[in-house]
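# Examining the three-dimensional arrangement
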Amino acid sequence: MGVVAVQFLCFYWWSAESYYFSGDALYYFSRQIHSLPELTSRFLSVDELYQYRPLTYVFFTFVLLPLFGNNPYPYHATAYVFSTVNAVLACACVYDWVGRKRQLALFAAVFLLLNPVQYFPSFGPTYIDHWLSSFFYFLTLLIVFRNPSGMSVLAPITFILALLSKEHSVVLPVHAVLVLVVLNIPLREALRRTRNLWIVVAAFVVFQFVIREGMVFAPLGTNPNLQFSLSATRILELLQAAKPAVFYPENYLMDETIVIGRLIRLAVLLPLSAVVVIALKRRPRLALSGIVWLIFSLVPVLFLRQPPAPRHFHLGLPGLAILFACAFPTWRTMMIATPAFALLTITNVHLYARVSWVAEGARLTKTYSSRVSTLLEHTGRSSFYVVNGGDPHFY
């Protein structure tokens, strides 16, 4: 119950009272679907950011907006519910991954439910693509792992829905095969069980080449974040961005009250490094599969020019959860680790609620909206224009 309380505190209640739409959330308000040609266009072409995520626009226009209108609070609650359900689905996948060993699964569940990365997809409609893609992603994996009689036909359908929500779902068949092999299913049988998923991926890749006119990366002048490059600097950025995913204490604001705060935070790297070593020593096959899962989950964002963000590690969390679970040999060890995880999550979320881009963006939006409302009252006008001050990537 303590885990549930901390999870609710950090990922919903902390931001609930002051929650407002961030800039990225407003993006969906300005991209509503108003006609059948617009709906068709969403499914047959990339969007303004050169991304292909049609289901997010459909879900916002025909589900969220009619239900909640412009009231920000239900959006935040919906984001929290979706993120929590997705975390539970991930826990169910991990349960199958570890051979339904209850102790390992519970250890991994604590890691997933309390992970600081969960703060971001819980923050309103900013991450609709994460909600939807993760939901269908883990649901598809559960169908594949459990192979229920007569329901295998559902896996390609839910997989297609994941792909329509976010492109990074293309790595799902690789994750499915990886886990099946870890469960001692021969590679040939694992490929046979996932063959429909591979067919869907092949068709999706061909379709993407067609609508992108044969281009893998974004053309110059469309979206610089999707004009790919790979360098040693990029690898270092990915390692630095992984800090919240591994419970590294990021809250530098506490350094002001604790003289050796930064030294304490850096010291946490020692036990974090020990976790990897201990996990590989205790359960090498399972721990290595967690590392491989993480690596493949990062492939879709590996080359992006945009600095990596915590959300880029969301899909890799089950792999990290496996790694951490393998490092804890007893219930007693986990009883010590759980309060530490909870404390680290609370301190990190304290930072995110104050200085993360989604929180700051929400405060800015709320301030500007208030000023616009005041302006409209004083002028009596019913409309206004937002002028771009020179940002070439302003939409």
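Predicted, not measured: the structure shown is a model, and the values here were computed from it.

### Quick look at the packing of helix α1 (residues 2–16) against helix α6 (residues 102–114)
Where α1 meets α6, the axes come as close as 9 Å, and the angle between the chain directions of the two elements is 20°. One way to sum up the angle between α1 and α6 is to call them roughly parallel. Regarding α1 and α6, the two cross each other, and that crossing is left-handed. Across from V3, V6, Q7 and F11 in α1, the residues of α6 making contact are V110, L113 and L114. Here the contact of α1 with α6 is composed, by residue class, of six nonpolar, one polar and no charged.

### Quick notes on the layout of surface pockets
There is about 720 Å³ of room inside the second largest pocket. Along the walls of the second largest pocket sit 23 residues, with L238, L239, A242, V246 and L294 positioned nearest its centre. Put simply, the parts of the chain that give the lining of the second largest pocket at least two residues each are α12 (232–241), α14 (269–282), α15 (284–298) and α16 (317–327). Grouping the constituent residues of the lining of the second largest pocket by class yields 20 nonpolar, two polar and one charged.

### Here we look at the pattern of salt bridges
This structure, assessed with the given rule, holds nine salt bridges. Several salt bridges share partner residues, and in doing so they unite R53, D129, K166, E167 and R212 into one network.

### A closer look at the nonpolar core
Counting 121 residues, the largest nonpolar core has Y119, F138, L141 and F341 as its most contacted members. What F138 contacts, discounting residues up to four positions off in sequence, is N86, L89, A90, C93, W293, L315 and P318.

### Observations regarding the confidence of the model for the protein
Residue-level pLDDT values for the protein average 84, and 87% of them are 70 or greater. This stretch, residues 390–395, has a pLDDT under 50; its non-local contacts, to residues over four places away or in other chains, come to seven contacts.

### Digging into unusual backbone geometry
Of note in the backbone geometry, Y50 takes a positive phi value of approximately 60° without being a glycine. Inspection of the secondary structure puts Y50 in the loop between α3 (36–44) and α4 (54–68). Classification of Y50 by relative accessible area gives buried; the value is 10%. You will see that R100, though not glycine, has its phi angle at about 60°, which is positive. Its location among the elements puts R100 in the loop between α5 (72–97) and α6. Looking at R100, the relative accessible area reads 46%, which means it is partly exposed.

### Examining a nonpolar patch on the surface
Together, M151, V153, L154 and I157 give the surface a local cluster of nonpolar side chains, amounting to about 340 Å² of exposed area. Secondary-structure assignment places I157 in helix α8 (residues 154–165). Judged by relative accessible area, which is 46%, I157 ranks as partly exposed.

### Let's talk about the environment of Q118
Looking at the element boundaries, Q118 is found in the loop between α6 and α7 (128–146). Note on Q118: relative accessible area 6%, which makes it buried. A C-alpha to C-alpha distance of 9.0 Å links Q118 and C10, two positions 108 residues apart in sequence. When sequence neighbours within four positions are dropped, the list of residues in contact with Q118 reads F11, S83, A87, L112, H314 and L317. Engagement of the side chain of Q118 in a polar contact is seen with the side chain of H314, the distance being 3.5 Å.

### Some details on α16
With 11 of its 11 residues buried, α16 lies for the most part within the structure. Of all the residues in α16, the buried ones are L317, P318, G319, L320, A321, I322, L323, F324, A325, C326 and A327.

### With respect to the packing of α5 against α7
At their nearest, the axes of α5 and α7 sit 9 Å apart, and the two run at 25° to each other. Classified by the angle their axes make, α5 and α7 are roughly parallel. In the packing of α5 onto α7, the handedness of the crossing is left-handed. Class assignment for the residues of the contact of α5 with α7 results in 16 nonpolar, five polar and two charged.

### Remarks on the packing of aromatic side chains
Here a ring pair, both rings aromatic, is described through the centre-centre distance and the interplanar angle of the planes. As enumerated under the stated definition, the model contains 32 aromatic pairs in all. Pairing Y27 with Y57 gives two aromatic rings, centres 6.2 Å apart and planes at 50°, and the pair type is tilted. Of this pair, Y27 sits in helix α2 (residues 23–29) while Y57 sits in helix α4, placing them 30 residues apart in sequence. With relative accessibility at 16%, the residue Y27 sits in the buried group. Joined through ring pairs, the aromatic side chains of Y20, F21, Y27, Y28, F29, Y57, F60, F68 and Y75 make up one cluster.

Reading guide: rules and limits
Residues numbered from 1 in each chain as written. Predicted model: local features only at pLDDT ≥ 70, side-chain atom pairs only at ≥ 80, totals over all residues. Heavy atoms only, no water. Axes fitted to C-alpha atoms, helices over the stretch in contact; angles between N-to-C directions. Helix = DSSP H or I, 4+ residues; strand = E, 2+ residues; numbered from the N terminus. Parallel < 35°, antiparallel > 145°, perpendicular 65-115°, else oblique. Left-handed = near helix turned anticlockwise from the far one by under 90°. Contact = heavy atoms within 4.5 Å. Nonpolar A, V, L, I, M, F, W, Y, C, P; charged D, E, K, R; others polar. 1 Å grid on protein atoms, 1.4 Å probe; cavity = no way out; pocket = protein on both sides within 12 Å on 5 of 7 lines; lining within 4 Å. Points joined across faces, edges and corners; volume = space filled by probe spheres on them. Salt bridge = Lys/Arg side-chain N within 4 Å of Asp/Glu carboxyl O. Core = buried A, V, L, I, M, F, W, Y, C linked by side-chain atoms within 4.5 Å. Buried < 20%, exposed > 50% of the residue type's maximum accessible area, 1.4 Å probe, protein only. pLDDT = per-residue confidence, 0-100. Patch = residues over 30% accessible without salt bridge, like charges linked within 9 Å, V, L, I, M, F, W, Y side chains within 5 Å. Areas by Shrake-Rupley, 256 points an atom, 1.4 Å probe, with all protein chains shown as cover. Polar contact = N/O pair within 3.5 Å; in protein donor to acceptor, adjacent residues only side chain to side chain. Phe/Tyr/Trp six-rings, centres within 6.5 Å; stacked < 30°, edge-to-face > 60°.

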